[in-house]
Amino acid sequence: MKIAIQGIRGAFHEAAAKKHFGDHIEIVECSTFKKLCETLKVGDADSALMAIENTIAGSILGNYALIHEYRFHVLGEVYLNIKMNLMTIPGVALSDIKVVESHPIALQQCQEYIHQNLNATCKESNDTAESARDLALAGDSTKAVIASKICAGLYGLEIKEEGIETHKQNFTRFLVLGRENDKSLDNNKASLRLQLGHEVGSLASVLVAFKDNDVNLTKIQSIPIVGMPYEYYFHIDVEWADYARYQSALTEVSAKTHSLSLLGEYKKSTFELNQ
């Protein structure tokens, strides 16, 4: 099975893909989220993993727009406990490090460690694993990178410190995307997209409809509508115990919105700290 990810081998996207699909998959590397979507669209991958939110950095708004633009279906979700590791080429002391390079979100998540332990400047890159690979190729003894533990083995780097993220409850949620919908009786979660008018209480009436049908909202995110200033879509994730009650809620909500799109129904995932 071919799974498209953003980044190269060793990226957190790869770890999430293997957590969901298992180890026996073929990873299709994509330099950007846009490239990931194009790869899935043309059939060069069977499915794709896309990061959508992080418990520290928040939502990745552009990815919501891409899911809508490409009309992909959400087939599942994966929560990955993100553990950041400082690594260098072998034999480098912490005092030798002048630059720390990684993805901007990774740098943001490790600011406390960097300021307290290193006399170094931060340099942003496109991908954590890319930084690791490039450091191994350059052999720069004045640079360190922040990346997943798997990158050390892949690229021959030495881990100087493990788990340097400021907050240990650091999870990224990834969505599993496909070209076709996948209905299952085990599904108990859905991702929806809706547009409301500016009438007083329009959002409140939608929330009440879910409440009255015992449908639990786990996420609500406003997304600006391009070309329509101060107009927004709402991306909503919901869970249910009774599918019929959930369907009743959708009928009520549809009558209260300008538009309602079902992005996908799937089985909710769980999250736990890595030991």
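For the structure itself, consult the block above.
In this text the structure is predicted, and so the values were computed from the model without any measurement.

**Re the pattern of salt bridges**
Taken as a whole and judged by the stated rule, the model has 17 salt bridges. Two residues, lysine 18 and glutamate 14, come together in a salt bridge whose shortest N-O distance is 3.2 Å. Taken together, the residues span about one helical turn, with lysine 18 and glutamate 14 both in helix α1 (residues 12-21) at a distance of four residues. We note a salt bridge from glutamate 101 to lysine 143, for which the minimum N-O separation is 3.0 Å. Of this pair, glutamate 101 sits in strand β7 (residues 99-102) while lysine 143 sits in strand β9 (residues 143-147), and the two are 42 residues apart along the sequence. A cluster of three or more residues bridged by salt bridges with shared partners is formed by Glu53, Glu77, Arg173, Lys189, Lys219 and Asp237.

**A closer look at the sheet that holds strand β8 (residues 121-124)**
To summarise the sheet geometry, strands pair through backbone hydrogen bonds and adopt either a parallel or an antiparallel arrangement. In spatial order, the strands read β8-β7-β9-β6-β10; together these five strands make up an open sheet with mixed pairing. Where the open sheet ends on each side, the last strands, each with one partner, are β8 and β10 (158-162). Within this sheet the neighbouring strands show an average axis-to-axis angle of 30 degrees, counted without direction. Sheet analysis places strand β6 (residues 85-88) next to β9, joined by three bridges and oriented antiparallel. Residue pairing for β9: leucine 86 is matched across the bridge by isoleucine 146. Packed on one face of the sheet, helix α6 (residues 128-138) meets β6, β7 and β9 and runs near 145 degrees to β9.

**Examining the sheet that holds strand β14 (residues 232-239)**
Spatial ordering of the open sheet is given by β13-β14-β12-β15, a layout of four strands whose pairing is antiparallel. Each of the sheet's edge strands pairs with one partner strand only, and the pair in question is β13 (216-224) and β15 (259-266). Taken pair by pair, the neighbouring strands of this sheet meet at an average axis angle of 15 degrees, ignoring direction. Sheet topology places strand β12 (residues 189-195) next to β15; seven bridges connect them, and they run antiparallel.

**Digging into the nonpolar core**
Core analysis: the biggest nonpolar cluster contains 64 residues, and Leu49, Met50, Met84, Leu86, Val100, Ile146 and Leu177 have the highest contact counts within it. Residue contributions to this core peak at five residues, all from strand β3 (residues 47-54). Discounting residues that sit within four places of it in the chain, methionine 84 has contacts with Phe12, Ala106, Gln109, Cys110, Ile146, Ala147, Glu162, Gly163, Ile164 and Glu165.

**Things to note about the packing of aromatic side chains**
Counted under the stated rule, the structure contains four aromatic pairs. Ring plane angle 15 degrees and centroid distance 5.5 Å describe the contact between tyrosine 70 and phenylalanine 72, whose orientation is recorded as stacked. Relative to tyrosine 246, the ring of tyrosine 243 has its centre 5.4 Å away and its plane inclined at 50 degrees; by these criteria the two rings are tilted. Of this pair, tyrosine 243 and tyrosine 246 both sit in helix α9 (residues 243-255), three residues apart, roughly one helical turn. With a relative accessible area of 36%, tyrosine 243 lands in the partly exposed category. Under the relative-accessibility criterion, tyrosine 246 is labelled buried at 0%. Feature note: the residues Trp240, Tyr243 and Tyr246 constitute an aromatic cluster, connected by ring pairs. Sitting above the plane of the tyrosine 233 ring, arginine 193 keeps its charged end 3.6 Å from the centroid.

**Describing helix α2 (residues 33-41)**
Within α2 the residues assigned to the buried category are Phe33, Leu36, Cys37, Thr39 and Leu40. Burial along α2 is one-sided: seen end-on, the buried residues are contained in an arc of 160 degrees. The elements touched by buried residues of α2 are β1 (2-6), α1, β2 (26-30), β3, α3 (61-70) and β11 (171-178). At the exit of α2 stands glycine 43, carrying a positive phi of roughly 90 degrees.

**Regarding the state of the cysteines**
One pass over the full model with this rule turns up zero disulfides. Its sulfur unpaired, cysteine 37 is 8.9 Å from the next cysteine sulfur, which belongs to cysteine 30. Classification of cysteine 37 by relative accessible area gives buried; the value is 0%. We note that cysteine 151 lacks a disulfide partner, and the nearest cysteine sulfur, in cysteine 110, lies 13 Å from it. Classification of cysteine 151 as buried rests on a relative accessible area of 0%.

**So, the pairing of β7**
Sheet topology places β7 next to β8; four bridges connect them, and they run parallel. Bridge pairing links serine 102 to glutamate 124 in β8. Pairing between β7 and β9: three bridges, direction parallel. Within β9, the position partnered with glutamate 101 by the bridge is valine 145.

Analysis parameters
- Residues numbered from 1 in each chain as written.
- Predicted model: local features only at pLDDT ≥ 70, side-chain atom pairs only at ≥ 80, totals over all residues.
- Heavy atoms only, no water.
- Salt bridge = Lys/Arg side-chain N within 4 Å of Asp/Glu carboxyl O.
- Helix = DSSP H or I, 4+ residues; strand = E, 2+ residues; numbered from the N terminus.
- Pairing = 2+ DSSP bridges.
- Axes fitted to C-alpha atoms, helices over the stretch in contact; angles between N-to-C directions.
- Contact = heavy atoms within 4.5 Å.
- Core = buried A, V, L, I, M, F, W, Y, C linked by side-chain atoms within 4.5 Å.
- Buried < 20%, exposed > 50% of the residue type's maximum accessible area, 1.4 Å probe, protein only.
- Phe/Tyr/Trp six-rings, centres within 6.5 Å; stacked < 30°, edge-to-face > 60°.
- Lys NZ or Arg CZ within 6 Å of the ring centre and 35° of its normal.
- Arc of directions from axis to C-beta.
- Disulfide = S-S within 2.5 Å.

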